[in-house]
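Tertiary structure, described
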Amino acid sequence: EGPKGCHAGKIKLTETTATFYNDKGLQAGREYFYIVIPKGPSSSCFGPSSQCTAAVPIELPEVKVLCPTEKIVLNLRDKTPQASIVCSFEAIGDFEGTVNLACASKTANADCNADQTLLSFSPENLQENA
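Note that this is a predicted model, so its numbers are computed, not measured.

This part takes up the overall build of the protein chain. Counting its secondary structure elements, the protein chain contains zero helices and seven strands. For the protein chain, the succession of helices and strands along the chain, N to C, is β-β-β-β-β-β-β. Relative to the 2.2 N^0.38 estimate, which gives 14 Å for 130 residues, the radius of gyration of the protein chain is 25 Å and therefore markedly larger than a compact globule would have. Taken along its principal axes, the extent of the C-alpha atoms in the protein chain is 75 × 40 × 25 Å. Within the span of the protein chain, comprising 130 residues, buried residues form 8% of the whole.

On the surface, I72, L74, L76 and I85 cluster together into a nonpolar patch covering about 390 Å² of accessible area. Within the fold, I85 resides in the loop between β3 (62–66) and β4 (88–92).

Below, the discussion takes up the sheet that holds β4. The strand order β3-β4-β7 describes an open sheet built from three strands, whose pairing is antiparallel. Two strands close off the open sheet at either side, each with one partner strand: β3 and β7 (127–129). Geometrically, the sheet is characterised by an average inter-axis angle of 20 degrees between neighbouring strands, direction not taken into account. Where β4 meets β7, three bridges bridge the pair, whose relative direction is antiparallel.

This next bit is on the environment of F121. You can see F121 is positioned in strand β6 (residues 118–121). Classification of F121 by relative accessible area gives buried; the value is 4%. Considered as a pair, F121 and A91 are 30 residues apart in the sequence and their alpha carbons are 6.7 Å apart. Setting aside residues up to four positions removed in sequence, F121 forms contacts with V63, F89, A91, F95, E96, G97, V99, L126, Q127 and E128.

The tally for this structure, following the rule as stated, stands at two salt bridges. Between K39 and E15 there is a salt bridge, with the nearest N and O atoms lying 3.7 Å from each other. Within this pair, whereas K39 is found in the loop between β1 (32–34) and β2 (53–55), its partner E15 is found in the segment before β1, the two being separated by 24 residues in sequence. Salt bridges here are not isolated pairs; linked through shared partners, they connect K12, E15 and K39.

With that out of the way, let us pick up the state of the cysteines. Per the stated rule, a full pass over the model turns up two disulfides. Residue C6 pairs covalently with C52 via a disulfide, S to S 1.5 Å. For the disulfide bridge between C6 and C52, the dihedral angle about the S-S bond is near -70 degrees, and by the sign convention the bridge is left-handed. In this pair, C6 sits in the segment before β1 while C52 sits in the loop between β1 and β2, placing the two residues 46 residues apart along the sequence. Overall, the relative accessible area of 25% leaves C6 in the partly exposed class. Linked covalently through their sulfurs, C67 and C87 form a disulfide whose S-S length is 2.0 Å. Handedness here is read from the sign of the S-S torsion; for C67 and C87, about 115 degrees, the answer is right-handed. Placement of C67 in the loop between β3 and β4 and of C87 in the loop between β3 and β4 is noted, with a sequence separation of 20 residues between them. The exposure class assigned to C87 is buried, which follows from its relative accessible area of 11%.

So, how was this worked out
Residues numbered from 1 in each chain as written. Predicted model: local features only at pLDDT ≥ 70, side-chain atom pairs only at ≥ 80, totals over all residues. Heavy atoms only, no water. Helix = DSSP H or I, 4+ residues; strand = E, 2+ residues; numbered from the N terminus. Rg over C-alpha atoms; globule rule 2.2 N^0.38 Å. Buried < 20%, exposed > 50% of the residue type's maximum accessible area, 1.4 Å probe, protein only. Patch = residues over 30% accessible without salt bridge, like charges linked within 9 Å, V, L, I, M, F, W, Y side chains within 5 Å. Areas by Shrake-Rupley, 256 points an atom, 1.4 Å probe, with all protein chains shown as cover. Salt bridge = Lys/Arg side-chain N within 4 Å of Asp/Glu carboxyl O. Pairing = 2+ DSSP bridges. Axes fitted to C-alpha atoms, helices over the stretch in contact; angles between N-to-C directions. Contact = heavy atoms within 4.5 Å. Disulfide = S-S within 2.5 Å.

The structure is reproduced here in structure tokens:
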């Protein structure tokens, strides 16, 4: 890595018997360099390394969810105590498509209902509230 790319020091990332490797936690847009060194049955048996290959991860499209962090206090003396939370959803990285929403309650005696269960995103519609 760095300005010298393939000509700098190297670190061992992993050992695998698979024919692929998925590197995680990388920074989108930053260049990373890789070589593969085949290893035989003993620790002293190695084959020639592959050519150095550069790869640049891209930011995958996603939907960012923002919900209020304050707690809701219900008056349990009301006949039907209820409250609503509105969250905002934002398409990031050119995400286009539909997102299915579900609602869940952590309390056994509480019901959770979502009025809107589908959100659609397009280049013209990047934000929704539900």
